[in-house]
Amino acid sequence: MAIVHKGASLVPSKTELVSAWMPRQRWYHGLGHAPELRRVGGFRFEDPAGEVGIETLLLADTAAEPVVVYQVPLTYRGVPLEGAEHALLGTMEHSVLGRRWVYDAPHDPVYVDRLVETILRSEQSDEAQASMGSNELARGTSTGQVLGSVGSSAVLTGEQSNTSIICRMVDLEGGPAEPLIVKVFRTLQHGENPDVVVQSALTREGSDRVPMAIGHLSGAWDAPGGEGLEHGDLAFAQEFIPGVEDAWRVALVAAASGRDFTARARDLGVVTAQIHLALAHALGTAPATDADHDALVASMRSRYAAAVGLVPALASRTAAVEHVIESVREANWPALQRIHGDYHLGQVLDVPERGWVALDFEGEPLRPLAERVLPDLTQRDVAGMLRSFDYAAGSVGLADPAVDATPWAAACRAAFLEGYASVAGPADADDVVLVQALELDKALYEVVYEARNRPTWLPIPLGAVERLTTEEGTP
């Protein structure tokens with residue numbers, strides 16, 4: 001059993017070590033300023049061998065506006081961890097234990113083993129016993145789908161906002177088991193993570209159109225403003241599906257070669273509608289209110305203003321854009337429900353003998369969590385996928401101007417809508433209005449993104465804005 005040495009001195013301190021390391025991490029939001037970290041929570045896991053210290057720090061960066069809370073799991077070792085030089089934060093001198101090597105814990109197999117064990121067995125963490133910030137315990141919740149232990153693990157590279165760990169599993173009898181992927185959330189927000197809630201609900205419904213949810217870890221920390229505790233999800237374990245491509249790559253190859261993709265697009269429409277029906281059954285629906293109408297109208301106007309600010313030529317479309325926006329207010333809305341929220345071809349896997357499998361139900365990354373967990377229009381997901389087919393065709397054209405994949409995209413869009421309607425029922429006039437409006441809303445979002453990040457891609461969303469604000473733009 002590891003011993004917590006209260007009152008021991010550390011040089012440098014934990015927050016000093018993390019402060020120097022954090023700005024180099026891809027998930028750090030504070031570009032342009034050095035973090036000013038304050039512990040607002042944390043917990044420990046016990047190493048059964050008693051050799052490795054395992055601690056998770058929940059740290060508020062008070063230099064950010066608004067304040068951001070980060071999750072930083074660490075392991076402390078008396079000797080270096082072989083092969084983990086890339087995950088080393090540095091060393092510190094412990095007044096009792098001597099030199100300690102400090103690692104980013106997702107790269108340490110001892111941490112991964114304890115994290116997965118806590119989730120799979122619905123157990124709780126050990127108390128950190130720190131003098132500053134909350135010492136609330138973290139609690140695991142299992143869906144009961146999997147039992148076993150971690151045989152080996154590896155961190156996925158290239159992620160922007162979270163840290164995902166691929167776990168090769170061993171069953172209770174010591175044989176190989178299906179692998180898991182555990183997503184450690186680096187940026188914490190008060191409230192349930194929509195990815196956890198939605199995928200867990202679909203797993204309970206028996207849907208195989210999403211990776212099976214295995215369980216999650218939740219916790220609490222001091223609210224940065226000092227008004228009590230905030231609660232949220234810290235990690236999420238789900239089925240890992242190896243060796244597959246996402247629908248974006250599959251569609252891109254088809255678009256570049258001109259290969260017919262309508263059957264696959266139709267199947268994707270079917271899958272999308274099946275997911276929506278399962279979510280409505282599992283999590284319920286809510287009638288749309290006047291406030292919901294007003295919120296979407298205000299959001300669209302804000303998006304348009306931001307787009308015009310970056311591309312002034314769009315001001316010529318004001319009357320047409322306003323006409324589409326007003327049509328949203330006048331349309332009869334269906335009941336609202338939980339949806340994907342950031343739906344596009346890159347969020348769908350092509351799994352052999354299983355078909356399309358959707359993932360990453362966290363919603364649009366730039367929207368606050370409080371908005372992403374609200375019931376929404378299913379037409380938003382439909383519009384997002386229509387935009388994605390358009391982007392696949394547009395990216396092919398950018399790569400090779402001699403290739404016009406516009407007809408390919410139009411055929412895929414029609415087939416997707418046909419597949420969706422085969423499950424959800426035929427679209428009426430109000431459905432058409434809402435899909436067109438939400439596709440325009442997405443295209444305006446894309447204009448802002450491309451103007452700021454990839455100006456050479458601007459023709460793709462600008463073409464969509466033009467199409468969607470003309471008579472011919474109706475889906």
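Just above, that's the structure.
Described below are features of the structure shown in this document. (Residues numbered from 1 in each chain as written. Predicted model: local features only at pLDDT ≥ 70, side-chain atom pairs only at ≥ 80, totals over all residues. Heavy atoms only, no water.)

Another point: the sheet that holds strand β19 (residues 355-358). Overall, antiparallel pairing links the 3 strands, which are arranged β15-β18-β19 in an open sheet. Looking at strand neighbours, the two that pair on one side only are β15 (245-246) and β19, the edges of this open sheet. Both strand β18 (residues 348-351) and β19 contribute to a ladder of 4 bridges, which runs antiparallel. Considered in β19, the bridge of L349 is made with V357. (Pairing = 2+ DSSP bridges. Helix = DSSP H or I, 4+ residues; strand = E, 2+ residues; numbered from the N terminus.)

Before going further, it helps to examine the nonpolar core. Membership of the largest hydrophobic core comes to 37 residues, with the highest contact counts inside it found for L202, F261, L268, L345, M385, F389 and W408. Of all the secondary-structure elements, those providing two or more residues to this core are α3 (194-204), α4 (247-257), α5 (262-283), β19, α9 (378-399) and α10 (406-424). Sequence-distant contacts of W408, defined by excluding residues within four places in its chain, comprise A251, A254, A255, R259, F261, F389, A392 and A393. L115, L120, M169 and L234 belong to the second largest nonpolar core, which has 36 residues in total. (Core = buried A, V, L, I, M, F, W, Y, C linked by side-chain atoms within 4.5 Å. Buried < 20%, exposed > 50% of the residue type's maximum accessible area, 1.4 Å probe, protein only. Contact = heavy atoms within 4.5 Å.)

Adjacent strands of a sheet pair through backbone hydrogen bonds, lying either parallel or antiparallel. Pairing is antiparallel across the open sheet formed by 6 strands, whose spatial order is β8-β13-β14-β11-β10-β9. At either margin of the open sheet sits one strand with a lone partner, and together these are β8 (139-142) and β9 (149-155). This sheet shows a mean twist of 25° between the axes of neighbouring strands, independent of strand direction. Bridge analysis of strand β10 (residues 162-170) against strand β11 (residues 176-185) gives 8 bridges, and the strand direction is antiparallel. (Axes fitted to C-alpha atoms, helices over the stretch in contact; angles between N-to-C directions.)

Turning our attention to unusual backbone geometry. Cis geometry marks the peptide bond from E65 to P66, where omega comes out at 0°. If you trace the backbone, P66 turns up in the loop between β3 (53-61) and β4 (68-77). The residue Q129 is not glycine, and still its phi comes out positive at about 60°. By the element assignment, Q129 lies in the loop between β7 (126-127) and β8. Even without being a glycine, D360 presents a positive backbone phi close to 60°. Locating D360 in the fold gives a position in the loop between β19 and α8 (369-372). Since its relative accessible area comes to 27%, D360 is described here as partly exposed.

With that settled, consider the side chain of E230. Positionally, E230 belongs in strand β14 (residues 229-239). Buried E230, no salt bridge; nearest opposite-charge side chain is R38, N-O distance 9.9 Å. Setting aside residues up to four positions removed in sequence, E230 forms contacts with H190, G219, A220, W221, A223 and P224. (Lys, Arg positive; Asp, Glu negative; His and termini not counted. Salt bridge = Lys/Arg side-chain N within 4 Å of Asp/Glu carboxyl O.)

A word on the pattern of salt bridges. Within this structure, the stated rule accounts for 30 salt bridges. A salt bridge links D113 to R114; the nearest nitrogen and oxygen atoms lie 3.2 Å apart. Given a relative accessible area of 24%, D113 falls into the partly exposed group. Assessed through its relative accessible area of 18%, R114 is described here as buried. The salt bridge involving R387 is made with E446; its shortest N-O contact spans 2.8 Å. Separated by 59 residues along the polypeptide, R387 in helix α9 and E446 in helix α11 (residues 429-453) bring together distant segments of the chain. When sorted by exposure, R387 lands in the same class as E446, which is buried.

With that settled, consider the environment of A415. Counting through the fold element by element, A415 comes out in helix α10. With 150 residues separating them in the primary sequence, A415 and A265 have C-alpha atoms 5.7 Å apart. When neighbours within four sequence positions are excluded, A415 is seen to be in contact with T262, A265 and R266.

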